[in-house]
Amino acid sequence: KIWINAGTRVIYPSEFEKNKREIYVDGEIFIEVTKDKDRPFYVRTRDMNIRVLGTVFNVTAYEADKSRNVILVSGSVEVDTEKSKAKLAPNQMFYASGDKEAISSVDVERYISWVDGLYYFEKENLETVFKRLAIYYGINIDYSNAVANLKCSGKLDIKDNIEKVLEGLSFAAPIKFSKEDETTYKIEKK
């Protein structure tokens, strides 16, 4: 089973090969893979390869974004990059951005909540929050560096329309928003 987040492209064959199952991802997916030791499952991205035997995990690897991560919910995955090879245990995240790569323990719910229409963030720069919202809603969000560097924590119901989401953010951070046109919102510091 695969859940595909907004702005994501998944390429897969009409039928998997006899000795492997393989897909290509540009974006974010949450996937449950049925165990089949004779046909391992591979998720390929621009610069990461993930080998799976049977597991539940999340991959975020938008080609336009410099950071990538793999969050393991259950099972086991192997992440292979040009620099390293890592095996993850449940509740671990492999994170890569530029030359930096790391593995850490995480609360997986924070990273997979988008599947249920929620977006959790903790002490996150608003720039990161706005980038995720722009991708999810297919809009442009303009903001200054002063707004981008504000930190915020919370939970957004992304099943709501963007104006309700931005209104909720304006209660949690000192910002105000205005609609510039059909696809652009401007965010300013209060």
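You'll find the structure just up there.
These figures come from a predicted structure and were not determined experimentally.

Chemist: Which residues make up the overall build of the chain, and what values do they have?
Modeler: Regarding its fold elements, the chain presents four helices and 16 strands. Scaling as 2.2 N^0.38, a compact globule of 190 residues should have a C-alpha radius of gyration of about 16 Å, and the chain matches this with 18 Å. The principal-axis extent of the C-alpha atoms belonging to the chain is close to 60 × 35 × 25 Å. Within the chain, the fraction of its 190 residues that count as buried is 40%. Considering only intrachain contacts with a sequence separation of at least 6, the fraction spanning at least 24 residues in the chain is 42%.

Chemist: Run through the nonpolar core, naming residues and quoting values.
Modeler: Formed by 26 residues in total, the largest nonpolar core has its most connected members in L126, V129, F130, L133, L156, L169 and I175. Among the secondary structure elements, those contributing two or more residues to this core are β12 (118–125), α2 (126–137), β14 (151–157), α4 (162–172) and β16 (184–189). Here this core gets five residues from one element, more than from any other, and that element is α2. Here L133 is in contact with Y119, G138, I139, I141, L156, I158, I162, V165 and L169, once residues within four sequence places are set aside. Counting 22 residues, the second-largest nonpolar core is a separate cluster that includes F41, V43, F57 and L72.

Chemist: Outline the environment of I29, supporting the account with residue identities and numerical values.
Modeler: Along the chain, I29 turns up in strand β3 (residues 21–33). With 30 residues separating them along the chain, I29 and V59 place their C-alpha atoms 5.4 Å apart. If we ignore the near neighbours within four places in the chain, the residues touching I29 are I2, W3, I4, T8, V10, I23, V43, F57, N58, V59 and W114.

Chemist: Describe the side chain of R21, with residues and values.
Modeler: Structurally, R21 can be placed in strand β3. For the buried R21, no salt bridge is present, and the opposite-charge side chain at shortest range is D36, 4.9 Å distant. Within the structure, R21 has its side chain in polar contact with the backbone oxygen of R39 (distance 2.8 Å).

Chemist: Help me get a handle on the sheet that holds strand β15 (residues 175–181), residues and values and all.
Modeler: Within a sheet, adjacent strands bond to each other through the backbone by hydrogen bonds, running parallel or antiparallel. Pairing in this open sheet of three strands is mixed, and the strands run β13-β16-β15 from one edge to the other. In this open sheet, the two strands that pair with only one neighbour each are β13 (140–143) and β15. On average, each strand axis in the sheet is tilted by 25 degrees relative to the strand beside it, whichever way the strands run. Here six bridges tie β15 to β16, and the two strands are oriented antiparallel to one another. Along β16, the bridge assignment pairs I175 with K189. Where α2 meets the sheet, it contacts β13, β15 and β16, and its direction lies at approximately 160 degrees from that of β13.

Analysis parameters
- Residues numbered from 1 in each chain as written.
- Predicted model: local features only at pLDDT ≥ 70, side-chain atom pairs only at ≥ 80, totals over all residues.
- Heavy atoms only, no water.
- Helix = DSSP H or I, 4+ residues; strand = E, 2+ residues; numbered from the N terminus.
- Rg over C-alpha atoms; globule rule 2.2 N^0.38 Å.
- Buried < 20%, exposed > 50% of the residue type's maximum accessible area, 1.4 Å probe, protein only.
- Contact = heavy atoms within 4.5 Å.
- Core = buried A, V, L, I, M, F, W, Y, C linked by side-chain atoms within 4.5 Å.
- Lys, Arg positive; Asp, Glu negative; His and termini not counted.
- Salt bridge = Lys/Arg side-chain N within 4 Å of Asp/Glu carboxyl O.
- Polar contact = N/O pair within 3.5 Å; in protein donor to acceptor, adjacent residues only side chain to side chain.
- Pairing = 2+ DSSP bridges.
- Axes fitted to C-alpha atoms, helices over the stretch in contact; angles between N-to-C directions.

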